[in-house]
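Topology and contacts: notes
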Amino acid sequence: AAGIPVKERVKVSQNWRHGRCQRTTVLKWKCKQVASFSSFLMPWMELDGEYLYLSQAENIQAYHLCAEGTGLQHHPQAIFSGHQEDVCRFVVVNSHIVSGGGDGSIVLHKIHGSYSVKFSAHEQEVNCVDFQGGLIVSGSRDRTAKVWSLSAGRVGQCLHTVQTEDRVWSIAISPLLSSFVTGTACCGHTSPLRIWDLESGQLLTCLGTDFHRGAGVLDVFYETASLLLSCGYDTYIRYWDIRTSTRKCVQEWEEPHDSALYCIRSDKNHMIASGSSYYGVVRLWDKRQTRCLQSFHLSSPTSSPVYCLRFSTTHLYAALASALHVLDFTAS
């Protein structure tokens, strides 16, 4: 919000609260028809400064955000490649892109330069990755999570392999860089949310109890070292305070139309945004309220999940199966 006049900030804040925005479809792409379920239909993205990074098939493309309005430049400024199959997820941290792919490999790119490293990481697709403090964590369909070194002379060396007994859908390193959380499918193991020690790879704690079979966790987001958001197949957003309790979340919100929740983000204050599995529904939530604040239907008449969403002070970006949508909250 730096550099935005106070009067404008108040207007934008009111627009978020009342759902006043201008909607634009800024990018479209064709879905290839395949017999099997393909992660090509599951784009992922990250916002980093003046750029939006978007995965499409085996590439990650960097689009420059226009200074005024909702637009992106239509042609990518850079394309990062290296995977033989589709990119499942990636992160952008400290001018590096770390991605996991359907080919079981992890690729590291330095954004400003030609340096890139690729190494074979898992026996099946890498569903999720995170990167902090010189370490990569990855989770896979092969029912393992792994910790990788990026220190000089040890790049791509596996430090720990964690047996999760379940497909790993989501993963995140704690801001303290001491532990990481895995969100799993909740089929082979009764706890879909577990926290592991980053240095030893040992299990530290399980979050929650009495999850139904199949209540897999598709996205996790650390607000602070002790505050964590999760969402997934059982239609709930859960807010965990690890200092208070690991058995019970401190707050939870239920998706009103009983849809799985594919992605979640917060402003680390009061607002949460979630993406649903049907009709491109994005919902805004206020932590101080039990009911959804606003909802936006971005995909009609064909139904697509919101696979990924990100937002800035003024804009929300949502990636669906065949298009990138932008909500501009500066509109009066």
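Residues numbered from 1 in each chain as written. Predicted model: local features only at pLDDT ≥ 70, side-chain atom pairs only at ≥ 80, totals over all residues. Heavy atoms only, no water.

So, on to the side chain of Asn15. Following the sequence through the fold, Asn15 ends up in helix 1 (residues 6-18). Among the residues examined, Asn15 registers a relative accessible area of 2% and is labelled buried. Every residue in contact with Asn15, bar those within four places of it in the chain, is listed here: Arg20, Phe329, Thr330 and Ala331. (Helix = DSSP H or I, 4+ residues; strand = E, 2+ residues; numbered from the N terminus. Buried < 20%, exposed > 50% of the residue type's maximum accessible area, 1.4 Å probe, protein only. Contact = heavy atoms within 4.5 Å.)

So, on to the sheet that holds strand 16 (residues 193-197). Picture the strands of a sheet paired through backbone hydrogen bonds; they go either parallel or antiparallel. Spatially, 14-15-16-17 is the arrangement adopted by the four strands of the open sheet, whose pairing is antiparallel. Of all strands in the sheet, those bounded by a partner on one side alone are strand 14 (168-173) and strand 17 (203-206). Taking the axes of each pair of neighbouring strands and ignoring which way they run, one obtains an average angle of 25 degrees across the sheet. For strand 15 (residues 179-184) and strand 16, the ladder comprises five bridges, and the chain directions are antiparallel. The residue bridging Gly183 from the neighbouring strand is Leu193, located in strand 16. (Pairing = 2+ DSSP bridges. Axes fitted to C-alpha atoms, helices over the stretch in contact; angles between N-to-C directions.)

A separate point is the nonpolar core. If you look at the biggest cluster of nonpolar residues, it comprises 24 residues, and the most contacted ones within it are Tyr53, Leu72 and Leu324. Of all elements in the fold, only strand 1 (22-28), strand 3 (51-56), strand 4 (59-64), strand 6 (87-93), strand 27 (315-319) and strand 28 (323-328) reach the threshold of two or more residues within this core. Excluding anything up to four places from it in sequence, Leu324 contacts Thr24, Thr25, Val26, Leu27, Trp29, Met45, Leu52, Leu72, Tyr317, Ala318 and Ala319. Ranked by size, the runner-up nonpolar core spans 17 residues in total, among them Val282, Leu284, Phe311 and Leu320. (Core = buried A, V, L, I, M, F, W, Y, C linked by side-chain atoms within 4.5 Å.)

Our next topic: the pairing of strand 18 (residues 217-222). Counting buried residues in strand 18 gives six out of six residues, a clear majority hidden from the surface. The turn joining strand 18 and strand 19 (residues 227-232), which pair antiparallel and follow one another in sequence, is formed by four residues.

Turning our eyes to something else, we now look at unusual backbone geometry. It is generally the case that most residues other than glycine have a negative phi and that most peptide bonds are trans. Residue Ser95 is not a glycine yet carries a positive backbone phi of 65 degrees. A relative accessible area of 33% means that Ser95 is categorised as partly exposed. Of note, the phi angle at Leu177 is positive, near 60 degrees, even though the residue is not glycine.

What follows concerns the packing of aromatic side chains. Per the counting criterion, the structure on display carries eight aromatic pairs. Taken together, a centroid distance of 3.8 Å and an interplanar angle of 15 degrees make the contact between Trp16 and Phe329 stacked. Of this pair, Trp16 sits in helix 1 while Phe329 sits in the segment after strand 28; the two residues are 313 residues apart in sequence, bridging distant segments of the chain. An angle of 40 degrees between the planes, with centres 6.4 Å apart, marks the rings of Tyr51 and Tyr53 as tilted. By relative accessible area, which is 23% here, Tyr51 ends up partly exposed. Take Tyr53: its relative accessible area is 4%, and that puts it in the buried class. Here a set of aromatic residues connected by ring pairs shows up, and it is made of Trp16, Phe296, Phe311 and Phe329. (Phe/Tyr/Trp six-rings, centres within 6.5 Å; stacked < 30°, edge-to-face > 60°.)

Turning our attention to the UniProt feature "repeat: WD" (unreviewed entry) in the protein chain. The UniProt record marks residues 119-154 with the feature "repeat: WD" (unreviewed entry), using the residue numbering of this structure. Secondary structure across residues 119-154 divides into 0% helix and 58% strand, with the first and last C-alpha atoms of the span separated by 12 Å. (UniProt positions renumbered as here; feature names shortened; annotations may be inferred.)

Looking now at the environment of Gln294. Residue placement: Gln294 occurs in strand 25 (residues 292-297). Separated by eleven residues in sequence, Gln294 and Arg283 place their C-alpha atoms 5.7 Å apart. With near-sequence residues (within four places) excluded, Gln294 lies in contact with Trp16, Arg17, His18, Gly19, Val282, Arg283 and Leu284. A polar contact is formed between the side chain of Gln294 and the backbone oxygen of His18, at a distance of 3.5 Å. (Polar contact = N/O pair within 3.5 Å; in protein donor to acceptor, adjacent residues only side chain to side chain.)

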